[in-house]
Amino acid sequence: MRKLIRPEYRRMQEVVRVRLSQQLSKCVFVILLFHLVQSFVFSVTMSPMVSTAGSKPSYLAIGISLLLTGGVVWTSFVFMYGIINFFTKVVLGRRDVMRVFTSGFRDRTRRSFGAAFVFSIIFAISAALALFVILTFKDRIFMLASDYFLDDGTEQQTVNFVRAASLALVFCSVFFVSAIFISIPFLFTWNILLDDKKISVASAIVKSLSLMGRNYFHYIGFVISICFKNVFFIVILVFINSRISSATSSLSTIFSMIIGFFAFIHEYTILAKAYASIPVYYYSLLSVNGMIERKENESSAQ
C-alpha cells in the first residue's frame, strides 16, 4: 500500500470546534447516558460478589461475576458502535443524531457484535497485562507506597488500606493506558463498518490497521492537540479547588461546587472531542488521499 498523506491538524481542529459547538449539549448528554448505562449494568454484575460480603466468596460467585463483567464490556462496545455513529453524524453535520445511540443492537448484519467481541478481547489482554504487573511487582509497589504514605506507628488497618489502594491504582493505570494504546490501530473499524455495509469485521479491522499503521502517533498528537486546553483548565480548577477546600465557610463550599461543575463540563468536552476525533481523522485521511467521493469530502469538511 502506498504511503498515505497525513491530514493537517489545523483543518481537523476547526472541524471539531465547529461541529461540536453546534451540538455540544447533545454530545455531553449521550456520553453521560452511556456512562449511566455502564454504571447500572456493571453494578448488576457485582451482585454475586456483594451477596458474599463478609465471607470468602465462592469460586462460583467469582466465575459468575467475571462472566457478567465480560458481558458488560461486550455490551459497552456494542453501544460504542452507536456512539461512533452518533459522532460521525455530528461531524458530517447531520441533525438526526439521537436515534442512532442504540444502532449497534439494531444492526441486522450483527457486525457490531463481532467488532465488540474483538475490542473485548483487547480489554481482556490489557487486564491480563495489568494483573501480570501487579503479581510481578507487588512487593515493590508495597515498598514504594509504604515509603510515601506510612510510618512506623501506622495502624495495620491503614497499612492494609494503603496497600490495597496502591495495587488498585497501579492496576487501573496499566489497564487503561495499555487498553487505549492497543486499541488505537483498531479504531477506524467502526467507521469502516458504518461506511461499507457489506464489508466483514475481519476486513474492516485489516483496513483500519493499514490506515492507522503509519499514522499512529500522528493521530495521538491530534487528540492531544484538541484536548490540551481542556486538560489544562481542569488542572487549574483542581488546583484552585484544593486551595478553597481548606476553608470551612459556606462561601468556599459554593465556590467549590461551581468549580466542580466547570471541571465536569471540561471533562465531558474532552470525551466528546476524543470520540469525534475518530471520524474526523478517518474522513480527513481518506479525503487528502483521494479515497472518498468529492461530494462526501466537502460534506465532512464544512
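Our structure's up above, just so we're on the same page.
Computed from a predicted structure; not experimentally measured.

S.K.: Would you mind showing me how to read the packing of aromatic side chains here?
M.R.: Given two aromatic rings, their pairing is described by the distance between the two centres and the angle made by the two planes. Following the criterion strictly, the structure yields 25 aromatic pairs and no others. The interplanar angle of 35° and the centroid separation of 5.2 Å between the aromatic rings of phenylalanine 79 and phenylalanine 101 together place this pair among those described as tilted. With phenylalanine 79 in helix α3 (residues 59–91) and phenylalanine 101 in the loop between α3 and α4 (111–136), this pair connects stretches of sequence that are 22 residues apart. In this structure, phenylalanine 79 and phenylalanine 101 share a single accessibility class: buried. Pairing phenylalanine 188 with tyrosine 281 gives two aromatic rings, centres 6.1 Å apart and planes at 25°, and the pair type is stacked. With phenylalanine 188 in the loop between α6 (156–183) and α7 (189–195) and tyrosine 281 in helix α10 (residues 250–288), the pair connects residues that are 93 residues apart, well separated along the chain. Per residue, the accessibility class of phenylalanine 188 equals that of tyrosine 281, and both read buried. Pairwise contacts between aromatic rings join Phe77, Tyr81, Phe119, Phe123, Phe171, Phe175, Phe176, Phe186 and Trp190 into one cluster.

S.K.: I would appreciate a short explanation of helix α8 (residues 201–212) in the present structure.
M.R.: In this model, α8 (12 residues) spans 16 Å end to end at C-alpha, consistent with the 16 Å of a helix rising 1.5 Å per residue. When we look at burial in α8, the residues that qualify are Val201, Ala204, Ile205, Ser208, Leu211 and Met212. Looking straight down α8, one finds that the buried residues subtend no more than 130° of arc, so they occupy a single side. The outward face of α8, more than 90 degrees from its buried face, is lined by the exposed residues Ala202 and Val206. Next to the buried residues of α8 lie α4, α7, α9 (216–244) and α10.

S.K.: Whenever I open this one, empty space enclosed by the protein confuses me. Can you help?
M.R.: Space left empty within the atom packing is revealed by a probe, the size of a water molecule, rolled over the atoms. A complete count under the given rule lists 1 cavity of 30 Å³ or more for this structure. Lining the largest cavity are Val37, Gln38, Val41, Val72, Thr75, Ser76 and Phe79. Of all the secondary structure elements, the ones that give two or more residues to the lining of the largest cavity are α1 (9–45) and α3. With 4 residues, α3 is the largest single contributor of residues to the lining of the largest cavity. Residues belonging to the lining of the largest cavity are distributed by class as follows: 4 nonpolar, 3 polar and no charged.

S.K.: Sorry if this is basic, but what is going on with the pattern of salt bridges here?
M.R.: With the rule as written, the count across this model stands at 1 salt bridge. Of the charged contacts, one joins arginine 17 and glutamate 14 as a salt bridge, the two residues approaching to 2.6 Å between their closest N and O atoms. Of this pair, arginine 17 and glutamate 14 both sit in helix α1, 3 residues apart, which is roughly one turn of that helix. Owing to a relative accessible area of 37%, glutamate 14 belongs among the partly exposed residues under this scheme.

S.K.: Would you mind showing me how to read the layout of surface pockets here?
M.R.: Of the voids in this model, the largest pocket is the one considered here, and its volume is about 1600 Å³. Lining the largest pocket are 41 residues, and of these Phe77, Phe123, Phe176, Ala179 and Ile180 sit closest to its centre. When residues of the lining of the largest pocket are traced back to their parent elements, those giving at least two are α1, α3, α4, α6, α9 and α10. If one sorts the elements of the lining of the largest pocket by residue count, α3 sits on top with 9 residues. Looking at the lining of the largest pocket, its residues break down into 32 nonpolar, 9 polar and no charged. Of the volumes computed, that of the second largest pocket is approximately 370 Å³. Those elements that place two or more of their residues in the lining of the second largest pocket are α3 and α7. Ranked by residues supplied to the lining of the second largest pocket, first place goes to α3 with 4 residues. Its residues placed into classes, the lining of the second largest pocket shows 5 nonpolar, 4 polar and 10 charged.

About the criteria used
- Residues numbered from 1 in each chain as written.
- Predicted model: local features only at pLDDT ≥ 70, side-chain atom pairs only at ≥ 80, totals over all residues.
- Heavy atoms only, no water.
- Phe/Tyr/Trp six-rings, centres within 6.5 Å; stacked < 30°, edge-to-face > 60°.
- Helix = DSSP H or I, 4+ residues; strand = E, 2+ residues; numbered from the N terminus.
- Buried < 20%, exposed > 50% of the residue type's maximum accessible area, 1.4 Å probe, protein only.
- Expected span 1.5 Å × (residues − 1).
- Arc of directions from axis to C-beta.
- Contact = heavy atoms within 4.5 Å.
- 1 Å grid on protein atoms, 1.4 Å probe; cavity = no way out; pocket = protein on both sides within 12 Å on 5 of 7 lines; lining within 4 Å.
- Points joined across faces, edges and corners; volume = space filled by probe spheres on them.
- Nonpolar A, V, L, I, M, F, W, Y, C, P; charged D, E, K, R; others polar.
- Salt bridge = Lys/Arg side-chain N within 4 Å of Asp/Glu carboxyl O.

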